[in-house]
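# Structural characterization, general
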Amino acid sequence: MKHLLKSCTAALACLSFATQVIAAEPLKTLGKGEGAVSIVAWAGYIERGESDKNYDWVTGFEKETGCKVSVKTAATSDEMVALMNEGGFDLVTASGDASLRLVAGKRVQPINIDLIPSWKNLDDRLKNAPWHTVNGVHYGVPYLWGPNVLMYNTDAFKGEAPKSWNVVFEEMTLPDGKSNKGRVQAYDGPIYIADAALYLMAHKPQLGIKDPYELNEDQYKAALDLLRGQRKLVSRYWHDAMIQTDDFKNEGVVASGSWPFQVNLLQSDKQKIASTFPDEGTTGWADTTMLHADSEHPNCAYMWMEHSLQAKVQGDAAAWFGAVPSVPAACKGNELLTDSGCATNGYDHFDKIRFWKTPVAKCSTQSECVPYHRWVSDYIGVIGGR
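These numbers were taken from a predicted model, which means no experiment stands behind them.

Cut-offs applied
- Residues numbered from 1 in each chain as written.
- Predicted model: local features only at pLDDT ≥ 70, side-chain atom pairs only at ≥ 80, totals over all residues.
- Heavy atoms only, no water.
- Helix = DSSP H or I, 4+ residues; strand = E, 2+ residues; numbered from the N terminus.
- Rg over C-alpha atoms; globule rule 2.2 N^0.38 Å.
- Buried < 20%, exposed > 50% of the residue type's maximum accessible area, 1.4 Å probe, protein only.
- Contact = heavy atoms within 4.5 Å.
- Areas by Shrake-Rupley, 256 points an atom, 1.4 Å probe, with all protein chains shown as cover.
- Lys, Arg positive; Asp, Glu negative; His and termini not counted.
- Charge placed at Lys NZ, Arg CZ, Asp CG, Glu CD.
- Expected span 1.5 Å × (residues − 1).
- Polar contact = N/O pair within 3.5 Å; in protein donor to acceptor, adjacent residues only side chain to side chain.
- Domains from an automatic or database assignment.
- Salt bridge = Lys/Arg side-chain N within 4 Å of Asp/Glu carboxyl O.
- Nonpolar A, V, L, I, M, F, W, Y, C, P; charged D, E, K, R; others polar.
- Pairing = 2+ DSSP bridges.
- Disulfide = S-S within 2.5 Å.
- Phe/Tyr/Trp six-rings, centres within 6.5 Å; stacked < 30°, edge-to-face > 60°.
- Axes fitted to C-alpha atoms, helices over the stretch in contact; angles between N-to-C directions.

The subject of this paragraph is the overall build of the protein chain. When helices and strands are tallied, the protein chain shows 14 helices and 15 strands. Relative to the compact-globule value of 21 Å for 386 residues, the protein chain shows a C-alpha radius of gyration of 20 Å, a close match. Dimensions of the protein chain along its principal axes, counting C-alpha atoms only, are 65 × 50 × 35 Å. Across the 386 residues in the protein chain, those meeting the buried criterion constitute 56%. Within the protein chain, contacts between residues at least 6 apart in sequence are counted, and of these 73% link residues at least 24 apart. Surface accessibility of the protein chain: about 16200 Å² in total, with carbon and sulfur atoms responsible for 50%. For the protein chain, the separation between the mean place of its 38 positive charges and that of its 46 negative charges on side chains is 3 Å.

The structure is reproduced here in structure tokens:
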């Protein structure tokens, strides 16, 4: 944990200089594959059919390119940053609360979009997104995006979706007549402070929160106080998707913020699970495949980035994870995603999702905000009961 905190703090120290980063020269031409590519990825992002033979976008790539794919699964954005700082990887599927830290820390390199023909097929809303574009320079290829949904047990809620995040933040009796205490979870990552801030935006408007990632001292204290109260209700702070699904199946957990990935897994296992977009809105993630500054296999990495934008890959990956593809063409004609999958997973809610981003001191909505290194240390304190 000390190593993680140190890496987070160091990365944030230089984040304020992100706009001054002088971009290195990206790869000019694509050469022969080096025979391998290593990827740091979220669970469920790089599938080779081992979990379900229908979901495999690795085997064909390996046969076509000769680039053997190896994957290191990371549970949080902070873990991804730490792994990229250590080195030895080619690519990372970084969310918005990690991507600019990697740029500022010079852990990733600019990409040459001319070497990625399918770039032209990207959703226009993502091509120049601020979480991977600095001073007009692209530092990655959009992959998948989506919301952090409220996952719930349908029996506990008597078949009616909860309308508010209050079921995980405030002690109450649920529709099944039992208290929510000890039956809810919270995300084990500092960025979860934004979920508390989002809740307060709706329920304590007098705080004046305009952006859940840009909090002054008073707003930040209110969010921490809410989380300290929540700690009395939480049975586990989750970061492992598979452990969370087990907790919903076997440990009596009935409500939590989650990813559509866990919802899909539990529903495929015939569990009484559903998800909803509460009235307060949601946070969310837009993930970018980024190339390590010291990649040992840049040609295979570029081949993978191009492969990742194929409509079939995008549709299959979005179906497996419960995400939205970055290539709109994937929304039609994919047997696994189905033609309604993009709408179900939030395609039309793009402007309503508060996408993860790294909190910085020099923010846009007020004179000064609490920077991310404080979020890291203080959330550790919350989880530890301080």
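Since the α-helix turns once every 3.6 residues, residues separated by three or four places project in the same direction. With 15 residues, helix H8 (residues 217-231) should reach 21 Å at 1.5 Å per residue; the first-to-last C-alpha distance of 21 Å fits that figure. Regarding H8, the residues found buried are Gln219, Tyr220, Ala222, Ala223, Leu224, Leu226, Leu227 and Gln230. Residues of H8 that are buried in the fold lie against helix H6 (166-169), strand E9 (184-187), helix H7 (193-203), strand E10 (234-238) and helix H14 (372-383). The backbone nitrogen of Asp218 has a side-chain oxygen 3.1 Å away, supplied by the residue at the start of H8, namely Asn216.

What follows is about the domain arrangement of the protein chain. Each assigned domain of the protein chain is listed here: domain 1 (36-145 + 285-355) and domain 2 (149-258 + 358-384). For domain 1 versus domain 2, the distance between C-alpha centres works out to 27 Å. With 10 residues of domain 1 at the contact, the number on the domain 2 side is 14 residues. Counting every contact that joins domain 1 to domain 2 gives 0 salt bridges. At the boundary of domain 1 and domain 2, one finds 6 residue pairs in polar contact (both at pLDDT 80 or more). Listed by contribution, the elements that provide at least two residues to the side of domain 1 that touches domain 2 are helix H4 (96-104) and strand E15 (353-355). Ranked by residue count, the leading element in the side of domain 1 that touches domain 2 is H4, at 4 residues. Of the residues assigned to the side of domain 1 that touches domain 2, the class counts are 4 nonpolar, 2 polar and 4 charged.

Once that is clear, we can look at the pairing of strand E3 (residues 91-94). Of the two faces of E3, both are covered, the one formed by Leu91 and Thr93 as well as the one formed by Val92 and Ala94. With 2 bridges connecting them, strand E1 (residues 36-41) and E3 associate as parallel partners. Paired with Val40 across the two strands is Val92, which belongs to E3. Bridge analysis of E3 against strand E13 (residues 282-292) gives 4 bridges, and the strand direction is antiparallel. Bridged to Leu91 within E13 is Leu291.

This next bit is on the state of the cysteines. Within the structure shown, the criterion is met by 3 disulfides. Put simply, Cys331 and Cys342 are joined by a disulfide, and their sulfur atoms are 2.0 Å apart. Measuring handedness by torsion sign, the sulfur bridge of Cys331 and Cys342 sits at about -90 degrees and is left-handed. Note that Cys331 is positioned in the loop between strand E14 (324-325) and helix H13 (341-345) and Cys342 in helix H13, a separation of 11 residues in sequence. For the pair shown, Cys331 and Cys342 are each scored as buried. Described in terms of the sequence order of its bonded cysteines, the disulfide pattern of the protein chain is 1-2, 3-4, 5-6.

Here the focus is the packing of aromatic side chains. Counted by the stated rule, this structure contains 24 aromatic pairs. Consider the rings of Phe169 and Tyr199, whose centres lie 5.0 Å apart with planes at 35 degrees: the pair is tilted. Here Tyr199 lies in helix H7 and Phe169 lies in helix H6, a separation of 30 residues in the sequence. The class of Phe169 is buried, set by a relative accessible area of 3%.

What links the strands of a sheet is backbone hydrogen bonding, and the strands pair in either a parallel or an antiparallel sense. As summarised here, the arrangement of the 5 strands in space is E10-E9-E11-E8-E12, forming an open sheet in which the pairing is mixed. Edge positions in the sheet fall to E10 and strand E12 (273-276), since each of these pairs with one other strand and no more. Sheet twist, expressed as the average angle between the axes of neighbouring strands with direction ignored, equals 30 degrees. Pairing analysis gives 4 bridges linking E9 to E10, with the strands arranged parallel. In the strand pairing of E10, Ala186 is matched with Tyr237. Taken strand by strand, helix H9 (residues 241-250) contacts strand E8 (149-153), E9, E10, strand E11 (255-258) and E12, and its axis lies near 160 degrees from that of E11.

The next thing to look at is the environment of Asp90. Among the structural elements, Asp90 can be located in the loop between helix H3 (77-86) and E3. For Asp90, a relative accessible area of 2% gives the class buried. Separated by 27 residues in the primary sequence, Asp90 and Lys63 place their C-alpha atoms 19 Å from one another. When near neighbours in sequence (up to four residues on either side) are disregarded, Asp90 contacts Ala36, Val37, Ser38, Met290, Leu291, His292, Ser295, Glu296, His297 and Ala301. Polar contacts involving the side chain of Asp90 include one to the side chain of Ser295, which spans 2.8 Å.

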